[in-house]
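If you want the building blocks of each chain, they are given just below.
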Amino acid sequence: MAQHPRIILLGLPGSGKGTQGALIAQNWRVPAFSSGEYFRNLRREGKLPAEVSAKINAGGLVSDEDVNMIVVESFLSTQEAQAGFVLDGYPRTVAQAAFLDEYLTKQNLSLTAAVYVDLPVETAFRRISGRRVCPADGSVYNVYYSQPEREGLCNLCGAPLIQREDDREESVKTRMSTYEAVTKALTVYYGDQGKLITVDGASDPGVVFARIQGVLDDPA
Ligand code: AMP
């Protein structure tokens with residue numbers, strides 16, 4: 001694959017995009033940017049506007065205009081993003097995808113691939129319901145398959161783990177249906193561009209990553 005790949009990740013909430021993003025970043029030595037993580041960091045610092053926070057907690061989407069601006073200002077325009085990147089959670093709408101294409105085209109750049117981590121809704125739902133996070137440092141655990149060393153406590157800092165507000169059942173239902181209604185169209189968008197890579201996400205993270213690596217390193 002190109003030395004400085006520009007990759008975006010698609011998949012249901014709970015499909016393991018974040019984990020794959022970190023593995024891709026490590027393997028190809030590119031920075032990863034997660035728009036959801038950006039919002040969670042802002043919240044931790046007490047800087048997330050109340051109306052945006054409420055929208056996220058309810059499982060809704062932040063406006064295209066706001067997200068586009070944030071992703072450019074906080075990441076795409078920075079020095080570290082010039083040598084390739086992996087984006088997790090952005091773009092999430094066709095309008096955002098078109099904006100990103102336009103932004104890159106202006107710099108004579110383009111995306112390398114859109115990796116779609118495919119997982120049945122029921123499996124994604126179960127994964128999310130088991131997810132627990134550290135409110136202090138953002139570490140992620142899962143009561144089903146990635147327990148902390150001491151029950152309910154962060155391995156890194158010992159803080160009691162919590163469930164993300166938007167991982168509660170009602171919000172998850174909204175996020176899943178938003179994905180189906182809005183974000184899933186991106187698989188068609190990138191499919192039409194010949195950039196879509198679909199991998200089965202129903203395995204251990206290492207196995208899923210090996211599949212991604214296989215396709216990216218050796219496109220058929
Ligand atoms: P995530 O961690 O990717 O599941 O994102 C958590 C939440 O942040 C989402 O449910 C949205 O409310 C918001 N968010 C993150 N990325 C975007 C985006 N690209 N467009 C709109 N809202 C977003």
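Heads up: the structure comes first, above all this text.
Residues numbered from 1 in each chain as written. Predicted model: local features only at pLDDT ≥ 70, side-chain atom pairs only at ≥ 80, totals over all residues. Heavy atoms only, no water.

Visitor: Hey, could you run me through the overall build of the chain in this one?
Guide: For the chain, the count of helices and strands is nine helices and seven strands. The C-alpha radius of gyration computed for the chain amounts to 17 Å, which stays within 12% of the reference 17 Å derived for 220 residues, consistent with globular compactness. For the chain, the C-alpha atoms occupy an extent of roughly 45 × 40 × 35 Å along the three principal directions. Within the chain, counting contacts between residues at least 6 apart in sequence, those at least 24 apart form 69% of the total. Carbon and sulfur atoms form 52% of the exposed surface of the chain, whose accessible area is close to 11,100 Å². A gap of 3 Å separates the mean positions of the 22 positive and 27 negative side-chain charges of the chain. (Helix = DSSP H or I, 4+ residues; strand = E, 2+ residues; numbered from the N terminus. Rg over C-alpha atoms; globule rule 2.2 N^0.38 Å. Contact = heavy atoms within 4.5 Å. Areas by Shrake-Rupley, 256 points an atom, 1.4 Å probe, with all protein chains shown as cover. Lys, Arg positive; Asp, Glu negative; His and termini not counted. Charge placed at Lys NZ, Arg CZ, Asp CG, Glu CD.)

Visitor: Before we go on, may I ask you to explain the pairing of strand 7 (residues 196-200) in this structure?
Guide: Two faces belong to every sheet, and in a regular strand the side chains alternate between them. Only one face of strand 7 is buried: it carries Ile-197 and Val-199, and the other face, with Leu-196, Thr-198 and Asp-200, is open. Relative to strand 7, strand 4 (residues 113-118) is paired through five bridges, and the arrangement is parallel. Considered in strand 7, the bridge of Tyr-116 is made with Thr-198. (Buried < 20%, exposed > 50% of the residue type's maximum accessible area, 1.4 Å probe, protein only. Pairing = 2+ DSSP bridges.)

Visitor: Help me understand the packing of aromatic side chains, please; the structure alone is not making it clear to me.
Guide: In this description, a pair of aromatic rings is defined by centroid distance and the angle of the planes. The full count for this structure, using the stated rule, is six aromatic pairs. Consider the rings of Phe-33 and Phe-75, whose centres lie 5.0 Å apart with planes at 20 degrees: the pair is stacked. In this pair, Phe-33 sits in strand 2 (residues 32-34) while Phe-75 sits in helix 4 (residues 64-76), placing the two residues 42 residues apart along the sequence. Summarising the aromatic geometry, the rings of Tyr-189 and Tyr-190 are spaced 5.0 Å apart at their centres and angled 80 degrees between planes, so their arrangement reads as edge-to-face. Relative accessible area serves as the criterion here: at 0%, Tyr-190 is assigned to the buried category. One aromatic cluster in this structure is built from Phe-33, Tyr-38, Phe-39, Phe-75 and Phe-85. Taking NZ or CZ as reference, Arg-126 lies 3.9 Å from the ring centre of Tyr-144, over its face. (Phe/Tyr/Trp six-rings, centres within 6.5 Å; stacked < 30°, edge-to-face > 60°. Lys NZ or Arg CZ within 6 Å of the ring centre and 35° of its normal.)

Visitor: Help me out: how do you make sense of the side chain of Ser-34 in this one?
Guide: Mapped onto the secondary structure, Ser-34 falls in strand 2. Separated by 2.9 Å, the side chain of Ser-34 and the backbone nitrogen of Glu-37 make a polar contact. (Polar contact = N/O pair within 3.5 Å; in protein donor to acceptor, adjacent residues only side chain to side chain.)

Visitor: Can you walk me through the sheet that holds strand 7 in this structure?
Guide: Sheets are built from strands paired through backbone hydrogen bonds, the pairs being either parallel or antiparallel. If you walk across this open sheet you meet the five strands as 2-3-1-4-7, and the pairing is parallel. Each end of this open sheet is capped by a strand with a single partner; those strands are strand 2 and strand 7. Here the strands of the sheet are splayed against their neighbours by 20 degrees on average, with no regard to which way each runs. As paired elements, strand 2 and strand 3 (residues 85-88) share three bridges and run parallel to each other. The residue bridging Ser-34 from the neighbouring strand is Asp-88, located in strand 3. In the packing of helix 2 (residues 35-44) onto the sheet, the strands contacted are strand 2 and strand 3, and the crossing angle to strand 2 comes to about 65 degrees. Sitting on the sheet, helix 9 (residues 205-217) is in contact with strand 1 (6-10), strand 4 and strand 7, with an inclination near 150 degrees to strand 7. (Axes fitted to C-alpha atoms, helices over the stretch in contact; angles between N-to-C directions.)

Visitor: Just to check I follow, could you spell out empty space enclosed by the protein for this structure?
Guide: Take a probe with the size of a water molecule and roll it over the atoms, and the empty space left behind shows itself. One pass over the full model with this rule turns up one cavity of 30 Å³ or more. Approximately 40 Å³ is the volume found for the largest cavity. Around the largest cavity, the lining residues are Arg-40, Arg-43, Ile-56, Asn-57, Arg-164, Glu-165 and Asp-166. Broken down by secondary-structure element, the contributors of at least two residues to the lining of the largest cavity are helix 2 and helix 3 (50-57). Residue classes in the lining of the largest cavity are distributed as one nonpolar, one polar and five charged. (1 Å grid on protein atoms, 1.4 Å probe; cavity = no way out; pocket = protein on both sides within 12 Å on 5 of 7 lines; lining within 4 Å. Points joined across faces, edges and corners; volume = space filled by probe spheres on them. Nonpolar A, V, L, I, M, F, W, Y, C, P; charged D, E, K, R; others polar.)

Honestly, that's just the spatial picture; any functional story needs more than this.
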